[in-house]
Amino acid sequence: MPEYLSQEQAFLKCKKQGRFIAIEDVDTEKVKSTLKIADSDIESANLIKSNISNQSIQWNSVYKLYYDALHELSESYLRFDRIKIDNHQCLFAYLCEKHPELEFNWDFFEKVRTKRNGINYYGSGISYNDWKEVEIQFNVYIEKIKKEIQKKI
């Protein structure tokens, strides 16, 4: 498992590696499309949630769908900074570092990112309790970033 980096350490590492890529224009149509996709991910996750037991392995799917929505929205929001970032850790480091006014918590992003990587790359599963630990914060962050995007469109 990779070593934990603070927000500042991750930001500086990503900057040094050239992970923050400047883009020319803000494609608002792509941003609008991404909003719809994120909403669809959440809707799908909520359908799954309403039809599974606490012991179900499908909590992995719920977690990943919420994570994907948060990631997609974060990426879209940063398009207004005219920046593209293809690395999730760097994306969240930039978001937290450059937008402190949003009051996002770096440790939350790292927690959900590493849990999601555990599912995708290490075969680690998500339990109902794992989901319940992050559900409220996922919803708060997703709603907050959606509102911020709507203000910019």
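Structure report, in brief. (Residues numbered from 1 in each chain as written. Predicted model: local features only at pLDDT ≥ 70, side-chain atom pairs only at ≥ 80, totals over all residues. Heavy atoms only, no water.)

1. Section: the state of the cysteines
In this structure the tally under the stated criterion is one disulfide. In this structure Cys96 is not part of a disulfide, and its nearest cysteine sulfur, from Cys14, lies 12 Å away. (Disulfide = S-S within 2.5 Å.)

2. Notes on unusual backbone geometry
You will see that Arg82, though not glycine, has its phi angle at about 60 degrees, which is positive. Relative to the assigned elements, Arg82 resides in the loop between helix H3 (59-79) and strand E2 (83-84). Despite not being glycine, Glu103 shows a phi value in the positive range, around 55 degrees. Locating Glu103 in the fold gives a position in the loop between helix H4 (88-98) and helix H5 (106-122). By relative accessible area, Glu103 is classed as exposed at 64%. (Helix = DSSP H or I, 4+ residues; strand = E, 2+ residues; numbered from the N terminus. Buried < 20%, exposed > 50% of the residue type's maximum accessible area, 1.4 Å probe, protein only.)

3. Considerations on the packing of H3 against H4
A packed helix pair is summarised by two numbers, namely the angle formed by the two axes and the spacing between the axes. One way to put it is that H3 packs onto H4 with a least axis distance of 10 Å and a crossing angle of 55 degrees. Viewed along their axes, H3 and H4 adopt a mutual orientation that is oblique. Here H3 and H4 pass one another in a crossing that is left-handed. Each of Tyr67, His71, Ser74, Glu75, Tyr77 and Leu78 in H3 lies in contact with H4, whose residues at this interface are His88, Leu91, Phe92, Tyr94 and Leu95. Each residue belonging to the contact of H3 with H4 can be placed in one class, and the counts come to seven nonpolar, three polar and one charged. (Axes fitted to C-alpha atoms, helices over the stretch in contact; angles between N-to-C directions. Parallel < 35°, antiparallel > 145°, perpendicular 65-115°, else oblique. Left-handed = near helix turned anticlockwise from the far one by under 90°. Contact = heavy atoms within 4.5 Å. Nonpolar A, V, L, I, M, F, W, Y, C, P; charged D, E, K, R; others polar.)

4. A short note on the packing of aromatic side chains
For the structure on display, the rule yields 17 aromatic pairs. With 5.1 Å between their ring centres and 65 degrees between their planes, Trp59 and Tyr128 make a pair best called edge-to-face. One end of the pair, Trp59, is in helix H3; the other, Tyr128, is in helix H6 (residues 128-152), and 69 residues separate them in sequence. Classification of Trp59 as buried rests on a relative accessible area of 3%. Given a relative accessible area of 24%, Tyr128 falls into the partly exposed group. Through pairs of rings, three or more aromatic residues link up here, namely Tyr63, Tyr66, Tyr67, Phe92, Phe104, Phe108, Phe109, Trp131, Phe138 and Tyr141. (Phe/Tyr/Trp six-rings, centres within 6.5 Å; stacked < 30°, edge-to-face > 60°.)

5. Focus on H5
For H5, which comprises 17 residues, the first-to-last C-alpha distance of 22 Å matches the rise-based estimate of 24 Å (1.5 Å per residue) to within 8%. Along H5, the residues classified as buried are Trp106, Phe108, Phe109, Glu110, Val112, Arg113, Arg116, Asn117, Gly118 and Ile119. Where H5 is buried, its residues contact helix H1 (7-16), H3, H4 and H6. Capping the start of H5, Asn105 holds a side-chain oxygen 2.8 Å from the backbone nitrogen of Asp107, two or three residues further along. (Expected span 1.5 Å × (residues − 1). Polar contact = N/O pair within 3.5 Å; in protein donor to acceptor, adjacent residues only side chain to side chain.)

6. Describing the packing of H3 against H6
Put simply, H3 and H6 touch, their axes get as near as 9 Å, and they point 25 degrees apart. One way to sum up the angle between H3 and H6 is to call them roughly parallel. Between H3 and H6 lies a crossing of left-handed hand. The residue makeup of the contact of H3 with H6, split by class, is 17 nonpolar, three polar and four charged.

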